[in-house]
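The residues making up each chain are set out below.
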Amino acid sequence: MTGFRDLHHTDAPLLLPNAWDHASAAGLAAQGFAAIGTTSLGVAAAAGLPDGAAATRELTVRLARQLGRGTYLLSVDAEDGFGQDPDDVAELARELADAGAAGINLEDGLASARLHAAKIAAVKAAAPGLFVNARTDTYWLGDGGHAETCRRLDAYQQAGADGVFVPGLSDPARIATLVKTLDVPLNILYSPLGPTVAHLGDLGVRRVSLGSLLYRRALGAALDAAADIRAGRAPHGAVPTYTEVQALSVEGPDS
């Protein structure tokens, strides 16, 4: 199997779909995806918990233990590390690495860049083989200032991040400009209104994440189907059979 780090250095960007449970990960693996991420929003929402509030640490580790021994490489969305103490985040990284995860995504939430860099350094010291994807929210939560984005990403690179993630950035010219300032692979969040995966690759992007898109579309499809049936219409879209769902939902010997 190609290593997770190597998947960021192929001819095409790594397209990383994001699962929220065993069945969704198994289904994506069956579609041939060599690497799968998790989505903190999907994991939290499915459990009735808030996203970004450090409420899903236990659930996230449990899911990593379910998925980390699969036939695919796993990257775990761990919000901001579920804590402010770098040592605590390092312990989380050890648990995820022991569970079989190949990568971790850590977001700064526009909090202290120095603290986020300290978390990254602690994770790399505790689990050197774990691919750290350092996310900055300058576009997601802020005004997208180029100088601030570069300042934060440089600090995270210096701390040992293996890749950097800028969700909310979709302008091709800005993406191309940012790529030129980086020494590590750039991850962009796919947007249906933004560049295609192929176009992002041409701009120099090495990883494209789907974030919570698949979870939200799955939920939307379920709501649409219920509304169609109530209105006397046949629901649209492909529907896996009971047997197919069972096959995805039952953990195999490698799970």
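Please refer to the structure higher up on the page.
Reference entry: report on the structure contained in this document.

Thresholds, definitions, all that
- Residues numbered from 1 in each chain as written.
- Predicted model: local features only at pLDDT ≥ 70, side-chain atom pairs only at ≥ 80, totals over all residues.
- Heavy atoms only, no water.
- Phe/Tyr/Trp six-rings, centres within 6.5 Å; stacked < 30°, edge-to-face > 60°.
- Helix = DSSP H or I, 4+ residues; strand = E, 2+ residues; numbered from the N terminus.
- Buried < 20%, exposed > 50% of the residue type's maximum accessible area, 1.4 Å probe, protein only.
- Salt bridge = Lys/Arg side-chain N within 4 Å of Asp/Glu carboxyl O.
- Core = buried A, V, L, I, M, F, W, Y, C linked by side-chain atoms within 4.5 Å.
- Contact = heavy atoms within 4.5 Å.
- Expected span 1.5 Å × (residues − 1).
- Polar contact = N/O pair within 3.5 Å; in protein donor to acceptor, adjacent residues only side chain to side chain.
- Axes fitted to C-alpha atoms, helices over the stretch in contact; angles between N-to-C directions.
- Parallel < 35°, antiparallel > 145°, perpendicular 65-115°, else oblique.
- Left-handed = near helix turned anticlockwise from the far one by under 90°.
- Pairing = 2+ DSSP bridges.
- Right-handed = clockwise from strand over helix to strand, strands pointing away.

Aromatic rings in a pair are described by how distant their centres are and how their planes are angled relative to each other. All told, the structure shown has 2 aromatic pairs when counted by the stated rule. Centroid distance F4 to F131: 5.4 Å. Interplanar angle 85°. Geometry classified as edge-to-face. Of this pair, F4 sits in the segment before β1 (14-16) while F131 sits in strand β6 (residues 131-135), and the two are 127 residues apart along the sequence. Here F4 and F131 have matching classes, each one buried. Between W20 and Y215, the aromatic rings sit 5.3 Å apart at their centres with planes inclined by 75°, giving edge-to-face as the arrangement. Here Y215 lies in helix α9 (residues 213-230) and W20 lies in the loop between β2 (18-19) and α1 (22-30), a separation of 195 residues in the sequence. Y215 carries the same exposure label as W20, and that label is buried.

Let us look at the pattern of salt bridges. Tallying each qualifying case throughout the model produces 13 salt bridges. R65 serves as the salt-bridge partner of E95, at 3.9 Å between the closest nitrogen and oxygen. Taken together, the residues span a long stretch of sequence, with E95 in helix α4 (residues 86-99) and R65 in helix α3 (residues 57-67) at a distance of 30 residues. Across the pair D80 and K119 runs a salt bridge, and its minimum N-O distance is 3.9 Å. Separated by 39 residues along the polypeptide, D80 in the loop between β4 (73-77) and α4 and K119 in helix α5 (residues 113-126) bring together distant segments of the chain. The same class applies to D80 as to K119, namely buried. Each member of the salt-bridge network shares a partner with another, and the members are D108, E148, R151 and R152.

All right, on to the nonpolar core then. Counting residues in each nonpolar core, the largest one holds 49 residues, and the members touching the most others are L96, I104, V123, Y156, I175, L178 and L186. Top contributing element to this core by residue count: α4, with 5 residues. In contact with L96, not counting residues within four places along its chain, are V61, A64, V76, A101 and I104. F4, L16, A35 and A102 belong to the second-largest nonpolar core, a separate cluster that totals 8 residues.

A separate point is α5. With 14 residues, α5 extends 20 Å from end C-alpha to end C-alpha; this agrees with the ideal 20 Å at 1.5 Å per step. For α5, the complete set of buried residues consists of A113, H116, A117, K119, I120, A122, V123 and K124. Taken together, the buried residues of α5 touch α4, β5 (103-107), β6 and α6 (146-159). At the N-terminal boundary of α5, the capping side chain belongs to S112, with an oxygen 3.2 Å from the backbone nitrogen of R114.

With 18 residues, α9 should cover 26 Å at 1.5 Å per step; its first-to-last C-alpha distance of 26 Å lies within 8% of that length. Restricting attention to buried positions, one finds in α9 the residues L213, Y215 and D228. Elements in contact with the buried residues of α9: α2 (40-46).

Two elements in contact, α4 and α5, have axes whose closest approach is 8 Å; the angle formed by their N-to-C orientations is 40°. With respect to α5, the element α4 is oriented oblique. Considering how the two elements wind past one another, α4 and α5 form a crossing that is right-handed. Within the contact between the two elements, α4 uses P86, V89, A90, A93 and R94 and α5 uses L115, A118, K119, A122, V123 and A126.

Taking every second residue as pointing to the same face, both faces of strand β3 (residues 35-38) are buried, with A35 and G37 on one and I36 and T38 on the other. The sheet contact formed by β2 and β3 spans 2 bridges and is parallel. When the sheet's bridge partners are listed, N18 is paired in β3 with G37. This β-α-β element, β2 to α1 to β3, shows right-handed connectivity. Across 3 bridges, β3 lies against β4 in parallel orientation. Residue pairing in the sheet places G37 in a bridge with S75 of β4.

With respect to the secondary-structure elements, R69 resides in the loop between α3 and β4. Judged by relative accessible area, which is 46%, R69 ranks as partly exposed. For the pair R69 and G100, spaced 31 residues apart in sequence, the C-alpha to C-alpha distance is 5.7 Å. A polar contact is formed between the side chain of R69 and the backbone oxygen of A99, at a distance of 3.4 Å.

It is worth stressing that arrangement in space is one thing and function is another; only the former is reported here.
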